[in-house]
Amino acid sequence: MNKPEKITKNSNGELVVPDHVIIPFIEGDGIGPDIWHATRTVIDGAVKTAYGEERKIFWHELFVGEKGFKKDGQWLSDDALGEIREHMVAIKGPLTTPVGEGMRSLNVSIRQKLDLFACIRPVKYIDPVPSPMKNPNKIDMVIFRENTEDLYAGIEWASGSPEAETVSTFLKEKMGASLPEKAGIGIKPMSAKNTKRLVAKAIEYAIENKYPSVTLMHKGNIMKFTEGAFRNWGYEVAIESFRDHVITEDELYDTYDGRQPAGKIVIKDRIADMLFQQVLLRPDEFGVIATPNLNGDYISDALAAQVGGLGMAPGANISNECAVFEATHGTAPKYAGLDKVNPSSLILSGAMMLDHMGWKVAATLIRSSLQMAVKSGKVTYDLARQIQGATEVTCSAFGDAIVRNMG
Ligand code: NAP
């Protein structure tokens, strides 16, 4: 048997994935162990069914979150971050944010420390998952959320703190700002560099996966120098770096009479609040959506609801160096250890991971077998409560059924 090896990159920066590959995983807290065990069974089953003994994943556990704290007193060690960097691809369950430990969120810390600047969340309907939409088959969107800046940068001071007072005094005296007494203060930094690398990734994804448009979602009508600048920088990078592949929405009407030329992606922008209603009324008008951090957080959960809720929502956080795949939802502590919740979010994140590794046959097998499991009507509680006549099964039984469908 081949010795298991790490993923590397070639001189063109492309991933080189050995057939017997080591992939680090973080089990996660709360419902993490339940959904991870089901996910691991499904990924291993898909790889075996697709490639026999030729390919295999050797899982390497990283102790992060509660497990890390119990083992060596660290919620998130530099060693664990180093291992993710070194292996280039990892998958994780949700992590609890330790309260009162001076850490804002383990998940946000992982994204920021590894500079995982793009959070990718595909929202695609899997028939017959229950959906509140009239025509859920029209839903096929992918959100690219900026991960490193905006109000999530964590630059904020509590009302009445000396820091907030210092900043307030500076803003009033030096900048002529008018502020309420004892205001809490938060800073919203957004830069051309970080916006452009995010929008570039979104456009590359649209080209590779043949999406017809990239929409820049922003609130630039109000926040002109942050969200408005995001919009402008987004158009700039589209024209500077992808001129042969894209046209703007203005060009679509001025030059092409509203008819999208074959092979061209339309770059458009929408104000955030309006986009929230348009994705409900006309979801088929949107493909890839690129957006700053906070907007991205809101729209991800709203769109997840269109395709079956958080239990069905996969995601990935990527940089140019590494990629961490994870479910969109959190640790759902009330369900921890009950073998109850839907593992599909992490399983579908695993399928995204296999796609990223180029193991596409296994990824496709996971998606089709999961769809068959839903069609059978034997589903976890979250789907069972929405499907008339469905039978509720456990998290692990649902995972096992997906593997059986691969046969
Ligand atoms: P949550 O864990 O996402 O859970 C909220 C609700 O979403 C659950 O009560 C459940 O709804 C539904 N849900 C979540 N996962 C599900 C699944 N796999 N299957 C079916 N339904 C699912 O949000 P939270 O309770 O606000 O957050 C709990 C903790 O998670 C916090 O410590 C937070 O910081 C952390 N968190 C971590 C991440 C991450 O690791 N990426 C992300 C978000 C939050 P019902 O009650 O209706 O059944």
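Because the structure is a prediction, the values reported are computed rather than measured.

Considering the packing of helix H1 (residues 32–51) against helix H14 (residues 395–406)
At step 1: Contact geometry of H1 with H14 gives a least axis separation of 9 Å together with a crossing angle of 5°. With respect to H14, the element H1 is oriented roughly parallel. Contacts from Asp34, Ile35, Ala38, Thr41, Val42, Gly45, Ala46 and Thr49 in H1 reach Cys395, Gly399, Asp400, Ile402, Val403 and Met406 in H14.
At step 2: Grouping the amino acids of the contact of H1 with H14 by side-chain chemistry returns 8 nonpolar, 4 polar and 2 charged.

Some thoughts on the site of the ligand
At step 1: Contacts to the ligand come from 23 residues, most closely from Gly330, Ala332, Lys334, Tyr335 and Tyr381.
At step 2: A distance of 2.7 Å separates an oxygen atom of the ligand from a polar backbone atom of Gly330.
At step 3: Note that an oxygen atom of the ligand is positioned 3.0 Å from one of the backbone N or O atoms of Thr331.
At step 4: Alone, the ligand offers 880 Å² of accessible surface; in the complex the protein occludes 70% of this.
At step 5: Split by residue class, the shell around the ligand holds 9 nonpolar, 9 polar and 5 charged.

Remarks on the packing of H1 against helix H12 (residues 360–375)
At step 1: Following both chains from N to C, one finds H1 and H12 inclined at 125°, their axes separated by 8 Å at the closest point. In terms of axis orientation, H1 runs oblique to H12. Crossing of H1 against H12: the hand is right-handed. Side by side, H1 and H12 meet where Val42, Ile43, Ala46, Val47, Thr49, Ala50 and Tyr51 of the first sit next to Lys360, Val361, Ala362, Leu365 and Ile366 of the second.
At step 2: Taken together, the residues of the contact of H1 with H12 sort by class into 10 nonpolar, 1 polar and 1 charged.

Section: the environment of Met312
At step 1: Topologically, Met312 is positioned in the loop between helix H10 (293–306) and strand E14 (316–318).
At step 2: Along the backbone, Met312 and Ser349 are 37 residues apart, and their C-alpha atoms lie at a distance of 9.7 Å.
At step 3: Here Met312 is in contact with Ile126, Val129, Val307, Asn342, Ser344, Ser345, Leu348, Leu370 and Leu383, once residues within four sequence places are set aside.

Reading the values: rules and limits
- Residues numbered from 1 in each chain as written.
- Predicted model: local features only at pLDDT ≥ 70, side-chain atom pairs only at ≥ 80, totals over all residues.
- Heavy atoms only, no water.
- Axes fitted to C-alpha atoms, helices over the stretch in contact; angles between N-to-C directions.
- Helix = DSSP H or I, 4+ residues; strand = E, 2+ residues; numbered from the N terminus.
- Parallel < 35°, antiparallel > 145°, perpendicular 65-115°, else oblique.
- Contact = heavy atoms within 4.5 Å.
- Nonpolar A, V, L, I, M, F, W, Y, C, P; charged D, E, K, R; others polar.
- Near = heavy atom within 4 Å.
- Polar contact = N/O pair within 3.5 Å; in protein donor to acceptor, adjacent residues only side chain to side chain.
- Areas by Shrake-Rupley, 256 points an atom, 1.4 Å probe, with all protein chains shown as cover.
- Left-handed = near helix turned anticlockwise from the far one by under 90°.

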